[in-house]
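Observations on the model geometry
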Amino acid sequence: MSKVYKKTSGNGHIALYLGKRDFTDNVDSVELVDGAVKVDPAGLDGKKVFVYLACAFRYGSDDLDVIGLSFRRDIWIQRVQVYPPTGASVTKTPMQESLMKKIGEQGCPFSFQMPTNLPCSVSLQPGPNDAGKACGVDFEVKAYIANTADEEVEKKDTCRLMIRKIQFAPSSNKPGPKADITKQFMMSDKPVILEASLEKEIYYHGDPIIVNVKINNETTKVVKKITVLVEQLASVVLYSSDTYTKVVCSEEFAETINANSSFEKSFQITPLLANNKEKRGLSVDGRLKDEDTNLASTTLSQGDKEMQGIIISYKVKVNLTTGSGGLLGSLTGSDVTLELPLTLMSPKPAGKCSLFAYTCHLNASNISPTSKREH
């Protein structure tokens, strides 16, 4: 274990240890969250030590809390007592064995098994003047000193570390989706037929997306422009379900397809967070302090399993802008639009590399020294 994450309470009586902060969601299972707490019994004054793991939806900054309202809702929370020991037999994981060697006899191990229907870590990109923590879905491990597990605790009696629940793209990649649409126009007895396809099902962040387009224009209209764009759809499932759509990449191609003619070409577009830095509310992969990140990854789920939080999906749109060459000109113009589902994710890192390491690879020329700071 090359790195240990540690946070000590304000009074110094407990310290929280984790061997890593990224935990992988494999769709059908989630990595065990395992760590340890160092406890100084002399400073507890007869109280107990608890640890909780919480998945929460933050929908407002802390600085907005002026009348005692909470802008954070727990989606899932689990608590365990680590001191005094409850007597239950605990089998230490290899990670905990390593942590206990560093902590010594005062170490108390703990572990949590997250369910598979929790959302992944997602942050909403703040605006230039927004302060406080970003809105989104986050995961927090907190150790605290208290008489009971659910009582209100003073800040000096707590120590916490943020973690991430992340998904990586499956190792196998299938052929990409295909779709077609036939559009009939008013005052025209023949249609425009638009076909589009992607070369593969899954694309990695930063990879160019190749969109193959075929057009059969049997009308008297002229296709004056082809627009290819990528939309991010963030479904926020909390008290109700709302979907927010943002264009993350859009390219216009001045291709002309005359009446009664055919056309076939491949177009390349690359959605990048770097080109969307000013878009407030855009969903990005959950980040830890001072780390770079990327557009939020597509959320993979098992069937119709109900999830709360923020669920991410993408789609590619191909839009044809048509017009008439007759006396009515652009008044008889119309658009033809076709949609394709897009899966946008990070590849599974090799060995012990993290999601951050992959992001560093993508942004190597733009990373500041503070990006690797331990906190």
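Here we take up the nonpolar core. Grouped together as the largest cluster of nonpolar side chains are 72 residues, with contacts concentrated most on V37, F110, M114, V141, I215, I226 and Y314. For V141, the residues in contact, after removing those within four places along its chain, are L16, L18, V33, V51, Y52, L53, F110, C159, R160, L161 and I163. Counting 7 residues, the second largest nonpolar core, distinct from the first, contains A15, Y17, M100 and I103.

What follows is about the environment of V228. The residue V228 is located in strand β15 (residues 222–237) in this model. On the basis of relative accessibility, which here comes to 0%, the residue V228 falls in the buried class. Separated by 22 residues in the primary sequence, V228 and S250 have C-alpha atoms spaced 5.9 Å apart. Not counting chain neighbours up to four residues away, the residues in contact with V228 comprise V211, C249, S250, E251, F253, F267, I269, V316 and K317.

Here we take up the sheet that holds strand β1 (residues 5–8). Pairing in this open sheet of 4 strands is antiparallel, and the strands run β1-β2-β4-β7 from one edge to the other. Across the chains shown, the open sheet's two edge strands, defined by having one partner strand only, are β1 and β7 (107–112). This sheet shows a mean twist of 20 degrees between the axes of neighbouring strands, independent of strand direction. Direction of pairing for strand β2 (residues 14–18) relative to strand β4 (residues 33–39): antiparallel, over a ladder of 5 bridges. The residue of β4 that forms the bridge with L18 is G35.

Overall, mixed pairing links the 5 strands, which are arranged β13-β20-β19-β15-β16 in an open sheet. Because the sheet does not close on itself, it has two edges, and the strands there are β13 (202–204) and β16 (241–253). Direction aside, the axes of adjacent strands within the sheet are offset by 35 degrees on average.

Cut-offs applied
- Residues numbered from 1 in each chain as written.
- Predicted model: local features only at pLDDT ≥ 70, side-chain atom pairs only at ≥ 80, totals over all residues.
- Heavy atoms only, no water.
- Core = buried A, V, L, I, M, F, W, Y, C linked by side-chain atoms within 4.5 Å.
- Buried < 20%, exposed > 50% of the residue type's maximum accessible area, 1.4 Å probe, protein only.
- Contact = heavy atoms within 4.5 Å.
- Helix = DSSP H or I, 4+ residues; strand = E, 2+ residues; numbered from the N terminus.
- Pairing = 2+ DSSP bridges.
- Axes fitted to C-alpha atoms, helices over the stretch in contact; angles between N-to-C directions.

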